[in-house]
Amino acid sequence: MDNKIRVFALGGLDELGKDLYVIEIDNDIFIIECGIKLPDKTMPGIDFIMPQFDYLVENKERIRAYIITHGHDLEIGALPFIYHQCPAPVYCTNVTRVYIEGFKRYTSMHDVNIKYEIVNPTDERIIAGRQVRFFSTAHNIAQSFGVAISTEQGNIIFIDDFVIDYNGTPGFIYDAKALAKIGEEKTLLLMLESVYADRIGYTAPKYKAAPSLISAIKDAKGRLVFAIPSTDIYNFVSLAQLAIQFNRKIFVYDDETRECYSALRTVEPSFNVPERAVGHRDDINRYKESDIAIFMTGFGPKLFRKLELFATKANSDRRLRISENDTAIVVNPFAYENEISENDAINELYRVLNNVKYFRRNEFLKMHASEDDLRGAISLLAPKYYLPVRGSFSSLLANAKIALNTGLGLNHQNVFVLDNGTVLEITKNGAYIAKEEVKHGDLLIDGKVFGTHDSKALEERQKLSDDGVVVLGATISLSKRAIVLGPDVQMRGFVFLKDSEMILREVTRGFIACIKQELAKDNFNVNNLYQIIDETIYRQVRRETGKGPLIIPHVAMID
């Protein structure tokens, strides 16, 4: 019997991050990736963004598996939140499990008990009566894999972040042999990432930091300080090994770095930094500066917040305060969402150090598939249908064009570029776009809660961020029709100190005038008073400063 297949994304299309792809085969739902994305500067106070998942809640009885290909937060971050309402077995490697559990500890969902089905990147499993095969892919986090799900019409193959590289490093192998074996069978649908689809050539070896840092590490006179994203295990290991080669003792910067390091040593053989080469921070002062290498890790912008604190000597551990003899090495491919925090941290380093090695935008790449990486995978698997995933719309189009030019018979009728929520339906008679879309959107994670997009809340936060705030308070007596306490006016974030006294006097006068005006009316209403205060003070401050701060009045009544 031929299957009815539906494929769509709740996140990850026309955006970088928030990946969540749904594959429905008859009555069974397979979820691949379950991630977040980072907010931009227009979303102050928002920690991260995850996919809206109403569809999964409505169909949770049909979910057979979550398949998580690797441990980046863009692939795992939403899992604890969604799993809490839609539980199903989570198929992932041990390394990915470590990162999921680590991410849980930094969210309100740390008590969610996830049922893991631990697999190796070379395993085969039967899930919901279907053969599901995993195969190793090369990425900067160990034990990454692609997945092939069998159907009566052929395999559905999904490969997220990867490069074609035959470096042979355990844990980071592109298993071309396994992929070729799967390619001998019929490929119904191939789904490949698109992040670097518009980049000519192969990505390797420009993701390898160690070869270009040998001389900098060898010639450093003082301490070496490495700043590396928590998820870039490949370069963490290779640089730690290089530091050891030049007789450096490894010290971890903080508990988060040590926690990550210790957990990974227990589950991934390629994380082979000898324990004897790692020192305890209590002993750091026993070593000469020229014998020390400090490793600092963090997720996304968190890494750069740490780096800025280190550069300004504001970090809590005095033993790890910056020294003018230090050589700082920042190993992080450029990301737009981190641009501001990254620039601030790098600028602070350059203020205090003579020796800073910082990879510029095109000097160092993330481990994503470029044009020839994608062309090689498409040619090997020869799919009947092709669906680019993960990336901006221009990247998705560039990926589609690569497929169209492979000479495999792929054309505009079997290569699809979709938006989130758009459903691709595949039957024995062909593939087509369904008329109805699946509900999708953003959920904003704010501290320990999450909710739908609230434009008013974001607008207020943007005002606080850009234009500051004016807080006004007073206590009134309705029987006396007078102010009995106050007023108290506080202004923050929009006025220079030399101008503050004059503006404060004017705002205070305006505040008192608003209260007296309303108290003189027979039908006094505190809500009307708040509206008049807001309008009056806003105009006043706007006229004096050019800023439009958030106005927060509070008037208490004693009778």
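Residues numbered from 1 in each chain as written. Predicted model: local features only at pLDDT ≥ 70, side-chain atom pairs only at ≥ 80, totals over all residues. Heavy atoms only, no water.

Explain the overall build of the protein to me, please; I cannot follow it from the model alone.
Counting its secondary structure elements, the protein contains 15 helices and 25 strands. Taken along the three principal axes of its C-alpha coordinates, the protein extends 90 × 65 × 40 Å. Looking at the protein as a whole, 56% of its 559 residues qualify as buried. Partitioning the intrachain contacts of the protein with sequence separation of at least 6 by distance along the chain shows that 72% fall at a separation of at least 24. Accessible area of the protein: about 24600 Å², with a carbon and sulfur share of 49%. (Helix = DSSP H or I, 4+ residues; strand = E, 2+ residues; numbered from the N terminus. Buried < 20%, exposed > 50% of the residue type's maximum accessible area, 1.4 Å probe, protein only. Contact = heavy atoms within 4.5 Å. Areas by Shrake-Rupley, 256 points an atom, 1.4 Å probe, with all protein chains shown as cover.)

Where do I start with the sheet that holds strand β25 (residues 550–557) in this structure?
Two modes of strand pairing occur in sheets, parallel and antiparallel, and in both the strands are linked by backbone hydrogen bonds. If you walk across this open sheet you meet the three strands as β24-β23-β25, and the pairing is mixed. Of all the strands in the sheet, the pair left with one neighbour each is β24 (482–492) and β25. On average, each strand axis in the sheet is tilted by 10° relative to the strand beside it, whichever way the strands run. Where strand β23 (residues 469–477) lies against β25, eight bridges are found, and the strand directions are parallel. When the bridges of β25 are listed, T475 appears paired with A556. (Pairing = 2+ DSSP bridges. Axes fitted to C-alpha atoms, helices over the stretch in contact; angles between N-to-C directions.)

Got a minute to help me understand the side chain of E193 in this structure?
Note on placement: E193 falls in strand β12 (residues 187–193). Among residues more than four places away in sequence, those in contact with E193 are I159, D160, D161, F162, M367, H368, A369, L374, V389, R390 and N399.

Sorry if this is basic, but what is going on with the pattern of salt bridges here?
A side chain of one charge can pair with a side chain of the opposite charge when the charged atoms of the two come close. As enumerated under the stated definition, the model contains 30 salt bridges in all. K18 is the partner of E15 in a salt bridge, and the nearest nitrogen-oxygen pair spans 3.1 Å. The exposure class assigned to K18 is buried, which follows from its relative accessible area of 2%. Taken together, the shared-partner salt bridges connect R6, E24, R62 and E425 into one network. (Salt bridge = Lys/Arg side-chain N within 4 Å of Asp/Glu carboxyl O.)

Looking at this model, I keep getting lost on the packing of aromatic side chains. Mind explaining?
Each aromatic ring pair is specified by the distance between its two centres and by the angle formed by the two planes. Scanning all chains against the criterion turns up 15 aromatic pairs. Between Y66 and Y83, the ring centres sit 6.1 Å apart and the planes meet at 45°, which makes this aromatic pair tilted. On the criterion of sequence distance, the pair formed by Y66 in strand β5 (residues 63–67) and Y83 in helix α3 (residues 79–85) is long-range, its members being 17 residues apart. Judged by its relative accessible area of 0%, Y66 is buried. For Y83, a relative accessible area of 7% corresponds to the buried category. Ring centres 5.2 Å apart and planes at 85° place the aromatic pair F172 and Y234 in the edge-to-face group. Of this pair, F172 sits in the loop between β11 (154–159) and α5 (176–183) while Y234 sits in helix α7 (residues 233–245); the two residues are 62 residues apart in sequence, bridging distant segments of the chain. (Phe/Tyr/Trp six-rings, centres within 6.5 Å; stacked < 30°, edge-to-face > 60°.)

Sorry, what's going on with α7 here?
Quick reminder: α-helices carry 3.6 residues per turn. Residues three or four places apart thus point the same way. In a regular helix each residue adds 1.5 Å, so 13 residues correspond to 18 Å; α7 covers 18 Å between its end C-alpha atoms and thus fits that length. Of all the 13 residues making up α7, ten are buried; the element is thus mostly covered by neighbouring parts of the structure. All buried positions along α7 are accounted for by I233, Y234, N235, F236, V237, S238, L239, A240, L242 and A243. For α7, the secondary structure elements touched by its buried residues are α4 (94–105), α6 (214–219), β13 (224–229), β14 (249–252), α8 (255–267) and β15 (292–298). In the stretch just after α7, N247 is the one whose phi turns positive, near 65°. (Expected span 1.5 Å × (residues − 1).)

Even after reading the chapter, I still don't get the sheet that holds strand β10 (residues 145–151), so can you show me in this structure?
Read across the open sheet, the six strands follow the order β8-β9-β10-β11-β12-β18; overall the sheet is mixed. Whereas interior strands pair on both sides, the edge strands pair on one side only; in this sheet they are β8 (124–127) and β18 (385–389). Across the sheet, the mean angle from the axis of one strand to that of its neighbour is 20°, orientation sign disregarded. Direction of pairing for strand β9 (residues 130–136) relative to β10: antiparallel, over a ladder of five bridges. Paired with F134 across the two strands is V147, which belongs to β10. Strand contacts of helix α11 (residues 371–381): β11, β12 and β18, with the helix running at about 170° to β12, the strand carrying the most contacts.

Help me out: how do you make sense of helix α10 (residues 339–352) in this one?
With 14 residues, α10 ought to run about 20 Å at 1.5 Å a step, and its terminal C-alpha atoms sit 21 Å apart, in line with that. All buried positions along α10 are accounted for by S341, E342, A345, I346 and L349. Considered in projection along α10, the buried side chains sweep an arc of 125° and stay on one side of the axis. Those residues of α10 that are exposed and angled more than 90 degrees off the buried face are I340 and R351. Where α10 is buried, its residues touch α9 (301–311), β16 (327–330) and β17 (355–358). (Arc of directions from axis to C-beta.)

Would you mind showing me how to read the nonpolar core here?
In terms of nonpolar packing, the biggest core is built from 102 residues, with L56, Y66, I82, F226, I233 and L239 touching the most fellow members. Here this core gets eight residues from one element, more than from any other, and that element is α7. Apart from residues no more than four positions distant in its own chain, L239 is found in contact with A209, A210, L213, I217, F226, I228, F295 and V331. (Core = buried A, V, L, I, M, F, W, Y, C linked by side-chain atoms within 4.5 Å.)

Could you clarify how one ought to interpret the environment of H280 in this entry?
Tracing the sequence through the fold places H280 in the loop between α8 and β15. Distance from H280 to V330, taken between C-alpha atoms, is 23 Å for residues 50 residues apart in sequence. A polar contact is formed between the side chain of H280 and the backbone nitrogen of D282, at a distance of 3.0 Å. (Polar contact = N/O pair within 3.5 Å; in protein donor to acceptor, adjacent residues only side chain to side chain.)

Any chance you could explain the environment of T545 here in plain terms?
Tracing the chain through its elements places T545 in helix α15 (residues 526–545). Using a relative accessible area of 27% as the deciding quantity, one classes T545 as partly exposed.

Mind showing me how you'd approach the pairing of β11 here?
Regular strands place their side chains on alternate faces of the sheet. Among the six residues in β11, six count as buried, and that is most of the element. Counted between consecutive antiparallel strands, the loop separating β10 from β11 contains two residues. When β11 meets β12, the two strands line up parallel, connected through five bridges. Among the inter-strand pairings, N155 is bridged to a residue of β12, identified as T187.

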